[in-house]
Amino acid sequence: MLPDSDIAWPPAPFDRAHKAMQVWDAWYAGDTDRLAEIYQRYPAYRPAQFAGGLVGRIARFFWGRPNLQATKRLHVPLAADLARGSSSLLFSQPPRFVIGQTDARGDRTAAQARLELLLGGADTASTLLEAGELASTLGGVYLRAWWDHSISDRVNMGSMSADCAVPAWRYDRLAAVTFWQSVAEDTSSGIVWRHLEHHAPGRIHHGLYRGSRDRLGQRRNLLEHPATAWAAPLIDSTAAIATGINTVSACYVPNVRPNRAWRHTPGLAPLGRSDLEGQEPLLDALDETWSAWMRDVDLGRARLFVDKAVTHDRGPGSGAVFDSEQAIYTTLPGAALGSLKDGQPPIIPQQFTIRWEEHHQTAAEITELILRGAGLSASAFGDDRSAGLITATGVNSRDKLSETTRDQKINYWKAELAPFARTLAELDRVHFGSRIELKANPEVRWPVRAQLPPLDNATRLATLKTADLISLEQAVRERNPNWSGDDVNDEVTRIRTQVAERLRNQTTQPAPAPR
């Protein structure tokens, strides 16, 4: 149920998780102002740098140091690249939802067609891509069902980020969840209006609250704000909308588990682990390395130190200028050429060395550590600069870490998507009159490998087929991993028909005449 009194928001212990997610989100967004705000919460003169514990550790962050000389600071968006790469590894080819032969009541073909309409479109694929990025960044993501007859003729799936949700668990499974979003905020007075949406089995409760940045405030009528007025005529006496089913109309997909930081904290232990958890010092060091590299570039620009005698006076108070295009300089009266100091020439060039190799190697090593900490290989991002000429075996070995991580994450997604797909089908039957009635969860099928090159895949399957190590049916299934069983069987039948016809044509052709 939704709270009826003013409480701290987010409530404990989820306030701890929310603070950590704010840090990860700042790295993901590449917001240097937020990073500086997070790591500069201490005085400019920093005795904390000599302290131990969390304060001393944060104070020594590159983004936590005061920029007294206004030097250039460069941010490398590796956290965003990491989240995008992790999501692409999972959902560049979206999964397919398939109803088993005996898992539907009534016409299975019609049920499969409706399920593909619900979950087989481009909207679902894009939602999963977005959810994959959020899960990688924040340690997990929520999926929720929504329906609106004025917008869509079916039930839809949407993603909700983990930093705007308060879950309730039962045996580490989601029993209920409260989503919130700020619908209005007055920066001058600090007043924040929030819309809370509580998903429980069979019901969705809605509430509007007027509070502050860290307090929920008092509950108000939904009609008091246009962002929630739509729900006012739909709720019952308990401020809830009946879903018509007995399951929760939302689910939580962890990125990976266990959560190292909170595995002993009640309420937080079931949360997933972010790919950025523990990576913050390395991300900070990468920014410091690139900033130092760019500082070397700035300092390495060619400069000329010239004697005052070879400059042109611009008049009192206007200084002097040096004409770099002048070709001939005359000697000064009564002095030899070179009047700077001890016979030095009047023009001295200066250009510092740019230590690009040292900076490049340092940045590459830090990047490798970050990717390895997230369970990814550089090749997953198309970075083959250091690969050289390698064999296919070398490619597979190099990609093994990413593929292992992909298989691990797919299992978490399958465990949640299968029952959630059944929930969506039940909601669609209740609210849109579809005839999908499932006796079991549909099967979620992922491609065998994300974006495997077609030529490599064909070569591999041809080799296995020639050696009689794979059947025709299995070869077709691996070639088209998103196909249903019926699609695979139809393709096998077509291939066998074509092969048989080709053999008949070969046997019926007349033999060549003897010479």
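Residues numbered from 1 in each chain as written. Predicted model: local features only at pLDDT ≥ 70, side-chain atom pairs only at ≥ 80, totals over all residues. Heavy atoms only, no water.

### A word on the overall build of the chain
The secondary structure content of the chain amounts to 12 helices and 15 strands. Expressed as a percentage of the 515 residues in the chain, the buried residues total 41%. Summarising the internal contacts of the chain: among those between residues at least 6 apart in sequence, 62% fall at separations of at least 24. About 28500 Å² of surface is accessible on the chain, with carbon and sulfur atoms providing 53% of the total. (Helix = DSSP H or I, 4+ residues; strand = E, 2+ residues; numbered from the N terminus. Buried < 20%, exposed > 50% of the residue type's maximum accessible area, 1.4 Å probe, protein only. Contact = heavy atoms within 4.5 Å. Areas by Shrake-Rupley, 256 points an atom, 1.4 Å probe, with all protein chains shown as cover.)

### Some thoughts on unusual backbone geometry
Here the residue pair W9 and P10 is connected by a cis peptide bond, since its omega of 0° sits within 30 degrees of zero. By the secondary structure assignment, P10 is in the segment before α1 (14–29). At the junction of R257 and P258, the peptide bond is cis and its omega measures out at 5° in the coordinates. Within the chain, D172 stands out as a residue other than glycine whose phi angle is a positive 65°.

### Some points on the confidence of the model for the chain
When pLDDT drops low, the exact placement of atoms in the prediction is not to be read closely. Of the residues in the chain, 78% have a pLDDT of 70 or more, and the chain-wide mean is 84. For the stretch residues 332–340, pLDDT sits under 50, and the model shows 18 contacts to residues farther than four places along the chain or on other chains. Predicted confidence is poor over residues 386–395, with pLDDT under 50, and the contacts of this stretch with residues over four places away or in other chains come to three contacts. (pLDDT = per-residue confidence, 0-100.)

### Section: the packing of aromatic side chains
Applying the stated criterion to the full structure yields nine aromatic pairs. Look at F91 and W413: their rings are 4.9 Å apart centre to centre, the planes differ by 85°, and that puts the pair in the edge-to-face class. Of this pair, F91 sits in helix α4 (residues 78–91) while W413 sits in helix α9 (residues 392–432), placing them 322 residues apart in sequence. Through pairs of rings, three or more aromatic residues link up here, namely Y142, W169, F179 and Y252. (Phe/Tyr/Trp six-rings, centres within 6.5 Å; stacked < 30°, edge-to-face > 60°.)

### A word on the sheet that holds strand β2 (residues 140–146)
Paired through backbone hydrogen bonds, the strands of a sheet run either parallel or antiparallel to each other. Spatially, β3-β2-β10 is the arrangement adopted by the three strands of the open sheet, whose pairing is antiparallel. Here the strands that pair on one side only, and so sit at the sheet edges, are β3 (156–161) and β10 (250–254). Adjacent strand axes in the sheet meet at a mean angle of 25° when their direction is disregarded. With six bridges connecting them, β2 and β3 associate as antiparallel partners. Looking across to β3, one finds that Y142 is bridged to M160. Sitting on the sheet, helix α6 (residues 122–138) touches β2 and β3, and the angle it makes with β3 is about 15°. (Pairing = 2+ DSSP bridges. Axes fitted to C-alpha atoms, helices over the stretch in contact; angles between N-to-C directions.)

### Some remarks on the pattern of salt bridges
Within this structure, the stated rule accounts for 20 salt bridges. A salt bridge links R84 to D81, with the shortest nitrogen-to-oxygen separation between them at 3.5 Å. With R84 and D81 both in helix α4, this residue pair falls three residues apart, about one helical turn. Assessed through its relative accessible area of 28%, D81 is described here as partly exposed. E224 is the partner of R220 in a salt bridge, and the nearest nitrogen-oxygen pair spans 3.2 Å. Of the residues examined, R220 reaches a relative accessible area of 31% and is grouped as partly exposed. Residue E224 is classed as partly exposed on the basis of its relative accessible area of 40%. Each of the salt bridges in this network shares a partner with another, and the network as a whole consists of R96, E116 and D487. (Salt bridge = Lys/Arg side-chain N within 4 Å of Asp/Glu carboxyl O.)

### Considerations on the nonpolar core
Core analysis: the largest hydrophobic core is formed by 47 residues, its most contacted members being W27, Y142 and L271. The set of elements that each furnish at least two residues to this core consists of α1, α2 (32–39), α4, β4 (165–170), β5 (173–186), β10, α7 (280–299) and α8 (356–373). With near-sequence residues (within four places) excluded, L271 lies in contact with A17, Y142, W169, Y252, R257, N259 and W262. Judged by nonpolar contacts, the second largest core, of 37 residues, contains L143, A145, M157 and A418. (Core = buried A, V, L, I, M, F, W, Y, C linked by side-chain atoms within 4.5 Å.)

### A look at α7
Here α7 is 20 residues long and its end C-alpha atoms lie 28 Å apart, about the 28 Å a rise of 1.5 Å per residue gives. Among the residues of α7, E280, L283, D284, L286, D287, T289, S291, A292, W293 and D296 are the ones counted as buried. Buried positions along α7 lie against α1, α2, α4 and α8. (Expected span 1.5 Å × (residues − 1).)

### Focus on the environment of W147
Following the sequence through the fold, W147 ends up in the loop between β2 and β3. Here the alpha-carbon distance between W147 and H431, two residues 284 residues apart in the chain, equals 8.2 Å. Not counting the four nearest positions on each side in its chain, W147 is found in contact with V155, I204, T243, L427, H431 and F432.

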